Amino acid sequence: MGKLIVSLSPHAHGTDTVERNMYGVIIALLPALLVSFYYFGIGSAIVCLTSVAACVFFEWAINKYVLGNERCTVLDGSAALTGLLLGMNLPSNLPVWIILIGALFAIGVGKMTFGGLGQNIFNPALVGRCALLVAFPAQMTSWPVAGQLTSYLDAETGATPLSIMKTAIKEGDPSVLQQLPDSLSLLLGDHSLAGGAGTIGEVCALALLIGLAYMLWKKIITWHIPVSIIATVFVFSGLMHLANPIYADPLSEILSGGLMLGAIFMATDYVTSPMTPKGQLIYGVSIGLLTIIIRNWGAYPEGMSFAILIMNAFTPLINNYVKPKRFGEVPEKK
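The present account deals with the structure reproduced in this document. (Residues numbered from 1 in each chain as written. Predicted model: local features only at pLDDT ≥ 70, side-chain atom pairs only at ≥ 80, totals over all residues. Heavy atoms only, no water.)

### Digging into the overall build of the protein chain
This is how the line gets drawn: Working definition: helices are DSSP H or I runs of at least four residues, strands are E runs of at least two. Numbering for both runs from the N terminus. In this description the radius of gyration comes from C-alpha coordinates, and the expected globular size is given by 2.2 Å times residues to the power 0.38. Residue burial is assigned from relative accessible area. The probe radius is 1.4 Å, only protein chains are included, and a residue is buried under 20% of its type maximum, exposed over 50%, and partly exposed in between. The criterion used for residue contact is that any of the two residues' heavy atoms lie within 4.5 Å. For the purpose of counting charges, residues Lys and Arg are taken to be positive, whereas Asp and Glu are taken to be negative. His and the chain ends are not included. Taken as the charge centre is NZ of Lys, CZ of Arg, CG of Asp or CD of Glu, depending on the residue.
Within the protein chain one finds 14 helices and zero strands. The order of α-helices and β-strands along the protein chain, N terminus first, is α-α-α-α-α-α-α-α-α-α-α-α-α-α. Scaling as 2.2 N^0.38, a compact globule of 334 residues should have a C-alpha radius of gyration of about 20 Å, and the protein chain matches this with 21 Å. Seen through its C-alpha atoms, the protein chain measures out along the principal axes to roughly 65 × 50 × 35 Å. Buried residues in the protein chain amount to 53% of all 334 residues. Within the protein chain, residue pairs in contact and separated by at least 24 positions form 75% of the contacts whose partners lie at least 6 positions apart. Counting 17 positive and 18 negative side-chain charges, the protein chain places the centres of these two groups 17 Å from one another.

This is the structure in structure tokens:
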């Protein structure tokens, strides 16, 4: 074991803690959560509350009865944040029993299997969402129409903007894209022209941008990942739209689906994203490219979740590739 060399005083004490950052992200999610209550009403409340409570419970239970840890970790905010992110990635009419399965996958498989917070290689909330998407594709792709505040399991559903984009590509007919809401409606969350509004957290891009501004102001995250993802999607989808009008315009791609939610709140997860600015840019560009590739040529209309999980797996390689120079020593030449 090498010696720990500590410099002479004075020493600066950092204010960053796990609790500060986790609860800071939860605060940043509040605008989008409140908007979801406005559009989905009781359905949004049931799904999000169930998801948060289940994730907190499963982390406590696994720590206590499976791993035998005496230290309680549920108060650090990480389990609650995982539950909130999982809930915001689900339809507002999803049955409670399916939400419980997703929470168990998110905490039990995505997080605690690897040893808990700081050791998981995949974003736990996305592990839970993708597990549900594979196991329950019909329920996970049933999108309630916004405005049914008192409806839950019986909510009327409709096609989302991403579904319309996928139909235009399959039929080779650019006129299908005329059914899309305009960019201002997508920014503000008015999905009435398209029918289904998507997952709970993706309904209003403006609310997500307010959360981004808050996290940048509090220095919870840096700009590198969200900006590189959004810029890549804008350029790549713009070139495809110019080449063939069956592909949606860049603003519709950015403001539709879970792209903003994923770029701002999921891809920026500390544990599963690269540590250096250069690595974060490589990571963000790759996610942007993969998202558009999966959206346009994959089986699912949305590709953000899968793109982030794929790049989570490459994060150790990216960290190794962009490892900064070490100072204070001369490497031995052999």
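### Focus: the packing of aromatic side chains
Formally: Between 30 and 60 degrees the pair is tilted, below 30 it is stacked and above 60 it is edge-to-face, where a pair is any two Phe, Tyr or Trp rings, Trp via its six-membered ring, whose centres lie within 6.5 Å.
Tallying each qualifying case throughout the model produces nine aromatic pairs. Each ring, one from Phe114 and one from Phe122, has its centre 6.5 Å from the other, and the planes form 65°; the classification is edge-to-face. Residue class for Phe114 comes out partly exposed when judged on its relative accessible area of 32%. The class of Phe122 is partly exposed, set by a relative accessible area of 22%. Geometrically, the ring pair formed by Tyr247 and Trp297 is edge-to-face, given 6.1 Å between the ring centres and 65° between the ring planes. Within this pair, whereas Tyr247 is found in the loop between α10 (224-243) and α11 (250-255), its partner Trp297 is found in helix α13 (residues 277-297), the two being separated by 50 residues in sequence. You can call Trp297 exposed: its relative accessible area is 52%.

### Description of helix α2 (residues 42-66)
Convention followed: Helix span is expected to be 1.5 Å times the residue number reduced by one.
Here α2 is 25 residues long and its end C-alpha atoms lie 34 Å apart, about the 36 Å a rise of 1.5 Å per residue gives. Gly68 sits one or two positions beyond α2 and adopts a positive phi of about 70°.

### Topic: the environment of Phe234
Along the chain, Phe234 falls in helix α10. Separated by 135 residues in the primary sequence, Phe234 and Ile99 place their C-alpha atoms 33 Å from one another. If sequence neighbours within four positions are ignored, Phe234 has contacts with Pro250 and Ile254.

### Observations concerning a nonpolar patch on the surface
Spelled out, the test is: A patch consists of residues whose relative accessible area exceeds 30% and which take part in no salt bridge; residues with like charges are grouped when within 9 Å of each other, and nonpolar side chains (Val, Leu, Ile, Met, Phe, Trp, Tyr) when within 5 Å. Here, Shrake-Rupley sampling with a 1.4 Å probe gives the accessible areas, and only protein chains in the shown set may cover a residue. Salt bridges are defined by distance alone: a side-chain nitrogen of Lys or Arg within 4 Å of a carboxyl oxygen of Asp or Glu.
Taken together, the side chains of Phe57, Trp60, Tyr65, Val66 and Leu67 define a hydrophobic patch exposed on the protein surface, amounting to about 560 Å² of accessible area. Its location among the elements puts Tyr65 in helix α2. When its relative accessible area of 60% is taken as the criterion, Tyr65 is described as exposed.

### Section: the pattern of salt bridges
Side chains that differ in charge, positive against negative, can pair when their charged atoms come close. Per the counting criterion, the structure on display carries three salt bridges. Residues Lys111 and Glu59 are paired through a salt bridge, measuring 2.7 Å at the closest nitrogen-oxygen approach. Here Lys111 is found in the loop between α4 (96-109) and α5 (124-135), whereas its partner Glu59 is found in helix α2, with 52 residues between them in sequence. The exposure class of Lys111 is buried, given its relative accessible area of 2%. Taking the relative accessible area as the measure of exposure, Glu59 reaches 2% and is therefore buried. Linking Glu302 and Arg295 is a salt bridge whose minimum nitrogen-to-oxygen distance equals 3.0 Å. Like Arg295, Glu302 is buried.

### Thoughts on the packing of helix α1 (residues 18-40) against α2
The cut-off we apply is this: Structural elements are reduced to axes, namely lines fitted to C-alpha atoms, with helices fitted over the stretch in contact, and the angle between N-to-C directions of any two is expressed from 0 to 180 degrees. In this scheme, roughly parallel covers angles under 35 degrees and roughly antiparallel covers those over 145, while 65 to 115 is roughly perpendicular and the rest are oblique. Under the grouping applied here, Gly and all other residues not named as nonpolar or charged are polar, the nonpolar ones being Ala, Val, Leu, Ile, Met, Phe, Trp, Tyr, Cys and Pro and the charged ones Asp, Glu, Lys and Arg.
Running from N to C, α1 and α2 point in directions that differ by 135°, and their axes come no closer than 6 Å. Relative to α2, the element α1 is oriented oblique. Each of Leu33, Ser36, Phe37 and Phe40 in α1 lies in contact with α2, whose residues at this interface are Ile42, Gly43, Ser44, Ala45 and Cys48. In terms of residue class, the contact of α1 with α2 is made up of six nonpolar, three polar and no charged.

### Here we look at the side chain of Asn296
Topologically, Asn296 is positioned in helix α13. Asn296 gets classed as buried once you look at its relative accessible area, which sits at 6%. Dropping the residues within four chain positions of it, Asn296 is found in contact with Lys166, Ile169, Met240, Tyr247 and Glu253.

### A closer look at unusual backbone geometry
In terms of backbone geometry, most residues other than glycine have negative phi values and most peptide bonds are trans. Despite not being glycine, Lys219 has its phi angle at roughly 60°, a positive value. Under the relative-accessibility criterion, Lys219 is labelled exposed at 67%.

### Overview of the side chain of Ser51
Our working definition: Throughout this description, a polar contact denotes any pair of N or O atoms lying within 3.5 Å of each other; where both atoms belong to protein, one of them has to be capable of donating a hydrogen while the other can accept it, and for residues adjacent in sequence the pair is counted only when both atoms sit in side chains.
Turning to its location among the elements, Ser51 is positioned in helix α2. A polar contact of 2.6 Å, which involves the side chain of Ser51, links it to the backbone oxygen of Gly83. Residue contacts for Ser51: discarding those within four places in its chain leaves Gly83, Leu86, Gly87, Ile99 and Ala103.

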